[in-house]
Amino acid sequence: MPVWQHILYSAEITAEHYGRTVSVGGWVQDIRNLGGISFVQLRDRDGVVQVTAVKKRNPELFAEINSLQRESVLLVRGTVKESKEARAGFEVLPEDVRVLSAAESPQPLGVVDKVGADLDTRLNNRFMDLRKADIRAVFRIRAAALQGVRDYLLSESFIEVSTPKIVAAGAEGGATLFPIKYFDKSAYLAQSPQLYKQNLMASGLDRVYEIAPAYRAEASDTVRHIAEFTSLDVELAFIESSEDVMAVAEGIVDSSLRHLLTAAKADLDLLGVDLSVPEPPYPRIRYDDAIDLLASDGMKIAHGDDLGTEGEKRLGDIVMEKHGALLYFITEFPTSLKRGTFYAKRYDEDPERTGYFDLDYKGQEIVSGGQREHRYDVLVEQMRENGLDLEAFDFYLKAFRYGMPPHGGFGFGIERYVQKILDLPNIRETVLYPRDRVRLVP
RNA sequence: GCCCCGGUAGUGUAGCGGCCUAUCAUCCGAGCCUGUCGAGCUCGGGACUCGGGUCCGAAUCCCGACCGGGGCGCCA
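A brief report on the enclosed structure follows. By convention here, each chain's residues receive numbers from 1 onward along its written sequence. The lettering of chains begins at A and the numbering of ligands begins at 1, in the order of writing. Reporting in this predicted model follows two pLDDT cut-offs: at least 70 for local features of residues, and 80 or more for side-chain atom pairs to be given and counted; totals over whole chains, interfaces and linings ignore these cut-offs and use all residues. The side-chain figures draw on all heavy atoms in the structure; neither hydrogens nor water molecules are used.

**Overview of the overall build of chain A**
For chain A, the helix and strand inventory stands at 13 helices and 17 strands. A principal-axis box enclosing the C-alpha atoms of chain A has dimensions of 90 × 55 × 40 Å. Throughout, exposure labels follow a simple rule: accessible area from a 1.4 Å probe, protein chains only, divided by the maximum for the residue type, with under 20% read as buried, over 50% as exposed, and the rest as partly exposed. Taking all 442 residues of chain A together, the buried fraction comes to 50%. The contact criterion used throughout is that any non-hydrogen atoms of two residues lie within 4.5 Å. Of the contacts formed within chain A by residues at least 6 apart in sequence, a portion of 64% connects residues at least 24 apart. For every accessible area listed, the method is Shrake-Rupley and the probe measures 1.4 Å; residues are considered covered only by the protein chains on display. Accessible surface computed for chain A: about 21300 Å², of which carbon and sulfur atoms make up 51%. Of the side chains in chain A, 54 bear a positive and 69 a negative charge, and the two mean positions are spaced by 6 Å. Secondary structure elements are defined from DSSP: runs of H or I of at least 4 residues count as helices, runs of E of at least 2 residues count as strands, and each element is numbered from the N terminus. Only four residue types enter the charge count: Lys and Arg as positive, Asp and Glu as negative, with His and the chain ends excluded. Every charge is mapped to an atom, namely NZ of Lys, CZ of Arg, CG of Asp or CD of Glu.

What follows is the structure in structure tokens.
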């Protein structure tokens, strides 16, 4: 038996390996058998190594290689030979192969087939879908984007926390909560860490963030909704206004996008994405001005009404034209739109307005937040206005009675952010195993 | 919650009352080929979601079920 030395990744093989014996492992992506010579494209996490078998050198090995099923997992020991014809500049002349796992046929999804596959088919066979380099690239970019987010928050003295995902009450109305059984009690999956991160503002851990799943039982079947998404939640205390909160959101996005330019350059190139990183500060557009901008563009929306999906998209186009901005804040949302957000602070001088903002990226809301109401009496009043059962929120309210600093924060939809960075047609492309109204498997 | 649309080989599609023993590509199999990398060439294989109905005749029309796609509202 031959000695199988340390297995090299394709990207690790360099000119210094030429003439030497190495072991490579991976999936048989394709076999091009020309009769007397055969080329096996062996794919690993980094790329593809060409294994070139010559019939007259070793007929048995040649036959074995050509009988392999695509996508079988193979270990090859052989000599690295410099080659002008091979794409990588070298190829491996096999001396021995070992089939670690033979793939069956027919396969549920082609990895290098010259035909497309529906997203549904791809998601049903996600492990095979991910064998495509461009699909994996999305997830490396996602990871790098989160790295940039964490870099910034760490540098700004935020600490990462984890709060319960099994909760007794929701932050907002009950319609979007997933009920679950919790021993002998009924509970819900958390739709947001809102109540907990506010609770922490009274603790001394006064700058926190969490990157965790959030669950929404919304019957929304669109390319930008999923039932389980990753929410970046940030909360900070001792703020003066919502502007302090916006500055953090802006810092996060800027840090993240810049990090991508270096850390994810190869993957962005692979996807053909020419990432544009806008210079902060991002434009601040007051809600009322946004309504007027849309009106001047021929879209009539009453002051106090929601922009709607169409309005949001149109505003994205308008802001691009006027400011050349991909990212912009919509600020000072009217109380009429935030009434259900009982914890939103309303302006003392004008209770019909709040400091709440959205951060939109290419006509799509990715962040929403603002300054919270930290005064117990006012908060209770706003909760009553929403018909909430104060008893159920006892743990939350208590924190406001024994020293709660002014604070604010936001929720940031990671998947929507990645979707917009890469201009992906469907948010499901940004989740390994998405959960939506109908999908529970895999 | 509301509204539109679709389910044909493993994958992606054409066909939309008889011309269908169902098109094409991909894929799989057999063969030829010593420089392929969207390899090429020859031959072969493989499908109308299910259940009712209309009709002389249904992949095609109608109803239902199941599965899926998209939009709105709402939101991250």
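The discussion continues.
**Quick word on the protein's contact with RNA strand B**
Around RNA strand B, a shell composed of 55 residues is seen, among which R32, K56, E85, T309 and R416 lie nearest. We call a residue near a molecule or strand whenever a single non-hydrogen atom of that residue lies within 4 Å of it. The sugar-phosphate portion of RNA strand B accounts for 56% of its atoms within 4 Å of the protein, the bases making up the rest. Note that a base nitrogen of RNA strand B is positioned 2.7 Å from one of the side-chain N or O atoms of E91. Between a sugar or linking oxygen of RNA strand B and a main-chain N or O atom of Q107, the distance comes to 2.6 Å. Breaking the surface near RNA strand B down by element, the ones donating at least two residues are β2 (21-33), β3 (37-43), β4 (48-54), α2 (119-124), α9 (308-323) and β16 (364-371). Asp, Glu, Lys and Arg are counted as charged, while Ala, Val, Leu, Ile, Met, Phe, Trp, Tyr, Cys and Pro are counted as nonpolar; the rest, among them Gly, fall into the polar class. Looking at the surface near RNA strand B residue by residue, the class counts come to 17 nonpolar, 18 polar and 20 charged. Here a polar contact means two N or O atoms within 3.5 Å. Within protein one must be a hydrogen donor candidate and the other an acceptor candidate, and residues neighboring in sequence count only if both atoms are side-chain atoms.

**Observations regarding the packing of helix α4 (residues 133-155) against helix α13 (residues 414-422)**
Any two packed helices are characterised by how steeply their axes cross, that is the angle between the axes, and by the distance between the axes. Direction vectors running N to C along α4 and α13 enclose 115 degrees, while the axes themselves pass 11 Å from each other. Every pair of crossing elements has a handedness; the one defined by α4 and α13 is right-handed. Across the interface between the two elements, V138, I141, R142, A145 and L146 of α4 pack against I414, E415, Y417, V418 and L422 of α13. Among the residues forming the contact of α4 with α13, the class breakdown is eight nonpolar, no polar and two charged. Here an angle of 0 to 180 degrees is reported between the N-to-C directions of two axes, which are lines fitted to C-alpha atoms, with helices fitted over the stretch in contact. Left-handed describes a crossing whose near helix is turned anticlockwise from the far helix by less than a right angle; the clockwise case is right-handed.

**A look at α9**
Helix span, expected: 1.5 Å multiplied by one less than the number of residues in the helix. Helix length check: α9 (16 residues) gives 22 Å between terminal C-alpha atoms against 22 Å at 1.5 Å per residue, within 8%. Among the residues of α9, G311, E312, L315, G316, I318 and V319 are the ones counted as buried. The secondary structure elements touched by the buried residues of α9 are β13 (284-286), α8 (287-296), β14 (327-331), β15 (357-361) and β16. Just past α9, the residue G324 takes up positive phi, approximately 60 degrees.

**Considerations on the packing of aromatic side chains**
Any two rings among Phe, Tyr and Trp, with Trp reduced to its six-membered ring, count as a pair given centres within 6.5 Å; such a pair is stacked if its planes are under 30 degrees apart, edge-to-face if over 60, and tilted if neither. Scanning all chains against the criterion turns up 12 aromatic pairs. Their ring planes at 80 degrees and their centres at 5.8 Å tell us that F342 and F393 sit as a pair that is edge-to-face. Residue F342 is located in the loop between α10 (335-338) and β15, and its partner F393 is located in the loop between α11 (376-385) and α12 (394-398); the two are separated by 51 residues in the primary sequence. The class of F342 is buried, set by a relative accessible area of 1%. For F393, a relative accessible area of 5% puts it in the buried group. Among the aromatic side chains, those forming a connected cluster through ring pairs are F342, Y343, F393, Y396 and F400.

Any link to function would need more than the numbers given here.
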